[in-house]
Amino acid sequence: MQVKIEESWKNVLHHEFTAPYFSQITEHLKIERDLNKVIFPPGSLIFNAFDKTPFDKLKVVILGQDPYHQPKQAMGLCFSVPDNVPPPRSLQNIFKELQSDIGMPIPNNGDLTQWAAQGVLLLNTVLTVRQSEPGSHSRIGWLNFTDAVIKKISDKKSGVVFLLWGKYAQEKKTLIDASKHFILEAAHPSPLSAHNGFFGCKHFSKTNTLLVHQGKNAIDWSTT
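Quick notes on the rules
Residues numbered from 1 in each chain as written. Predicted model: local features only at pLDDT ≥ 70, side-chain atom pairs only at ≥ 80, totals over all residues. Heavy atoms only, no water. Helix = DSSP H or I, 4+ residues; strand = E, 2+ residues; numbered from the N terminus. Buried < 20%, exposed > 50% of the residue type's maximum accessible area, 1.4 Å probe, protein only. Contact = heavy atoms within 4.5 Å. Pairing = 2+ DSSP bridges. Axes fitted to C-alpha atoms, helices over the stretch in contact; angles between N-to-C directions.

### Observations concerning the side chain of S154
Checked against the element boundaries, S154 lands in helix α6 (residues 142–156). The exposure class of S154 is buried, given its relative accessible area of 1%. Those residues in contact with S154 that lie beyond four places of it in its chain are L175, I176, D177, K180 and H181.

This is the structure in structure tokens:
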């Protein structure tokens, strides 16, 4: 498959697109589509996180797990939904923490594209999912790909702020060189765990402090 992805990422990841595991991913997706399985996000948005956040502009990484698995939600940016879709509960909790941390009014728009445009890579570690089947594509090869993405960021950049929310994201710490990057950890914003350390983590203000100390622009965490 000819992968359509932003040019700076294409240069960084070109070896991955020719790896055997990547051929297995594309073949698996083709077979499921031939079987009329509904897959999210739409094909044009599978690499949306990369298209919205070029490698050379990347300053922050937020890791999610796999895309939303219900219609009209997944848009290729972790935690984000299109602006005409009600924010899911994890995203509502992210907005609650933003309000507590920096005083930002809670928006009714869950589209985080503006974050991505400022250099926040909103990366799900699995890039596709079957409708109503969370985790259904977690073993088709995407983890090989996104592990390589995290490692490339670690190797080729410095001073990136990684926000690792929940055990699943925190397992990726081994891919990150903590001597030249910043790792902030907290519980996942899910309603099941947000009260165990996500609320009160102040990751948004801490991220901006780390960026400004490096002479980089702070992130405007609003969605409009």
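### With respect to the pairing of strand β2 (residues 60–64)
The buried fraction of β2 amounts to 5 of the 5 residues, a majority that puts the element mostly inside the structure. Where β2 and strand β3 (residues 120–124) come together, 5 bridges link them in parallel fashion. Within β3, the position partnered with L63 by the bridge is L123. When β2 meets strand β5 (residues 161–165), the two strands line up parallel, connected through 3 bridges. In the sheet register, I62 faces β5, and the bridge partner there is L163.

### A closer look at the sheet that holds strand β6 (residues 182–186)
The strand order across the open sheet built from 4 strands is β3-β2-β5-β6, with neighbouring strands paired in parallel fashion. Two strands in the sheet have a free side with no partner beyond their single neighbour: β3 and β6. Averaged over all neighbouring strand pairs, the angle between strand axes comes to 20 degrees, with direction disregarded. Inspection of the sheet shows β5 paired to β6 by 5 bridges, in the parallel sense. Its bridge partner lying in β6, V161 is registered against F182. The strands that α6 touches are β2, β3 and β5; relative to β3, the one it contacts most, it runs at about 155 degrees.

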